[in-house]
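Remarks on the overall topology
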Amino acid sequence: MDAAAADTRAKPVSLDHLLKLARPDMAGVDSLIRDRMQSPVSVIPALAEHLIGGSAKRLRPLLTVAAARLAGAQDDSCRKLAAAVEFIHTATLLHDDVVDSSELRRGKVAAHLIWGAPSSVLVGDFLFARAFELMVETGSMSALEILARASRVIAEGEVLQLTRAHDLDLDEAVYLEIIKAKTAELFAAAAEAGGVCAGASPEQCRGLRRFGQDLGLAFQLVDDSLDYSGASETLGKNPGDDFREGKATLPLILAIKHTGAQERDFWMRTVDAREQTEADFERARQLVRDSGALDATLTAAAGYATSAKAALAVFPAGDWRAALEDLADFAVARLA
């Protein structure tokens, strides 16, 4: 493991500073979310509450309000954009869980197992619609364009991942393209939209977008690693879900690359054909560890976290910038 990754894991990292700074804004965001997920159709708020109520830190909307305050926002328009970001994120999770047949989400039974796949998909559509209503209310066409583009890119990433499912020949470049679209794009849009609504300069908006994108990549790569090294309490889902679903994430891609021909039959059976026994995940986990794939994935994540922090150099030093730098470190420290 390189020095950057080791240092990030070693230093104690807390989001307390960021959460304290953003507390008034996030209280307002939570109030908006609760209000706008209501509907006379009772299954909509019940299903939405099941998922949204399980989100503790609301990192993406937190990123929107923090970016706006860093850029000098004085009003509360960023709160509507932040609520819209959370609705977009929640909608994608509802759709993802149906596509992936996931059993757990944020430590709870996945919504589609309680209300059924059709209701989950349609409530996801409802939340997308609510998100766009909130964006329109801000009156910022630039922010609307940013988040609308993100919604399209996320969908493209989902479809790309679906077309490359169980692909043992998926390379690192294509996988990074997938997670840049699926995960990092909403982080990037959340930060950029916050800057736009605050009237930040084009250079600052680009810096915020780069920060969000690299932060999102760091988060996703650590999540990839946690699937092979974490516990249910850390993940909010079952460890090994990616492996059981045949998802070729970076630790698996690197493990397949480094274990070579001697393990090709194992990977073909378990990932390509998805013919798995109870013992297969433990063997896969050991191969991922022994091949150095976990450390390599963490090193990549730490590199993106470092790049994210560097992108904030377009802003003067201060509380909000320091708090966002802590968020970048936190993204990687979760694996410690």
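Here, the structure is the one placed above.
Quick caveat: nothing in here was measured; it's all calculated off a predicted structure.

1. A closer look at the overall build of the protein
- A count of helical and extended segments in the protein gives 17 helices and two strands.
- Relative to the compact-globule value of 20 Å for 336 residues, the protein shows a C-alpha radius of gyration of 20 Å, a close match.
- C-alpha extents for the protein along the principal axes are approximately 60 × 50 × 30 Å.
- In the protein, of all internal contacts separated by at least 6 residues, the share reaching a separation of at least 24 is 76%.
- Counting only carbon and sulfur atoms, one obtains 52% of the accessible surface of the protein, whose full area is about 13,800 Å².
- Computed over 37 positive and 49 negative side-chain charges, the inter-centroid distance for the protein is 4 Å.

2. Digging into the pattern of salt bridges
- Counted by the stated rule, this structure contains 30 salt bridges.
- Across the pair D97 and R105 runs a salt bridge, and its minimum N-O distance is 2.7 Å.
- What makes R105 partly exposed here is its relative accessible area of 23%.
- One salt bridge in this structure joins E325 and R321, with 3.1 Å as the shortest N-O distance. Taken together, the residues E325 and R321, both in helix α17 (residues 319-333) and four residues apart, mark about one turn of the helix.
- The class for E325 is partly exposed, based on a relative accessible area of 22%.
- Each of D25, R69, D76 and R79 takes part in salt bridges that share partners, so that together they form one network.

3. Examining the environment of G216
- Inspection of the secondary structure assignment puts G216 in helix α10 (residues 202-229).
- Judged by relative accessible area, G216 falls into the buried class, the value being 0%.
- When the C-alpha positions of G216 and E185 are compared, they lie 7.5 Å apart, and in sequence the two are 31 residues distant.

4. Re the packing of aromatic side chains
- A complete count under the given rule lists five aromatic pairs for this structure.
- Ring geometry for F187 versus F219: centroids 5.6 Å apart, planes at 20 degrees, classification stacked. With F187 in helix α9 (residues 172-197) and F219 in helix α10, this pair connects stretches of sequence that are 32 residues apart. The pair F187 / F219 is uniform in exposure class, with both members buried.
- Look at F243 and F281: their rings are 6.0 Å apart centre to centre, the planes differ by 40 degrees, and that puts the pair in the tilted class. Taken together, the residues F243 in helix α12 (residues 241-244) and F281 in helix α15 (residues 280-290) connect sequence positions 38 residues apart. With respect to burial, F243 and F281 carry one shared label: buried.
- Among the aromatic residues, those joined into a cluster by ring pairs are F187, F219 and F330.

5. Some points on α10
- Under the 1.5 Å per step criterion, the end-to-end length of α10 is 40 Å for 28 residues, consistent within 8% with the ideal 40 Å.
- In terms of burial, α10 is largely enclosed, as 22 of its 28 residues are buried.

6. Observations regarding the packing of helix α4 (residues 59-70) against α10
- Running from N to C, α4 and α10 cross one another at 155 degrees; their axes reach a closest spacing of 12 Å. In terms of orientation, α4 lies roughly antiparallel with respect to α10. For the crossing formed where α4 meets α10, the hand is right-handed. On α10, the residues touching L59, L63, A67 and L70 of α4 are L208, F211, G212, L215 and F219.
- When grouped by side-chain class, the residues that make up the contact of α4 with α10 number eight nonpolar, one polar and no charged.

So, how was this worked out
Residues numbered from 1 in each chain as written. Predicted model: local features only at pLDDT ≥ 70, side-chain atom pairs only at ≥ 80, totals over all residues. Heavy atoms only, no water. Helix = DSSP H or I, 4+ residues; strand = E, 2+ residues; numbered from the N terminus. Rg over C-alpha atoms; globule rule 2.2 N^0.38 Å. Contact = heavy atoms within 4.5 Å. Areas by Shrake-Rupley, 256 points an atom, 1.4 Å probe, with all protein chains shown as cover. Lys, Arg positive; Asp, Glu negative; His and termini not counted. Charge placed at Lys NZ, Arg CZ, Asp CG, Glu CD. Salt bridge = Lys/Arg side-chain N within 4 Å of Asp/Glu carboxyl O. Buried < 20%, exposed > 50% of the residue type's maximum accessible area, 1.4 Å probe, protein only. Phe/Tyr/Trp six-rings, centres within 6.5 Å; stacked < 30°, edge-to-face > 60°. Expected span 1.5 Å × (residues − 1). Axes fitted to C-alpha atoms, helices over the stretch in contact; angles between N-to-C directions. Parallel < 35°, antiparallel > 145°, perpendicular 65-115°, else oblique. Left-handed = near helix turned anticlockwise from the far one by under 90°. Nonpolar A, V, L, I, M, F, W, Y, C, P; charged D, E, K, R; others polar.

Any link to function would need more than the numbers given here.
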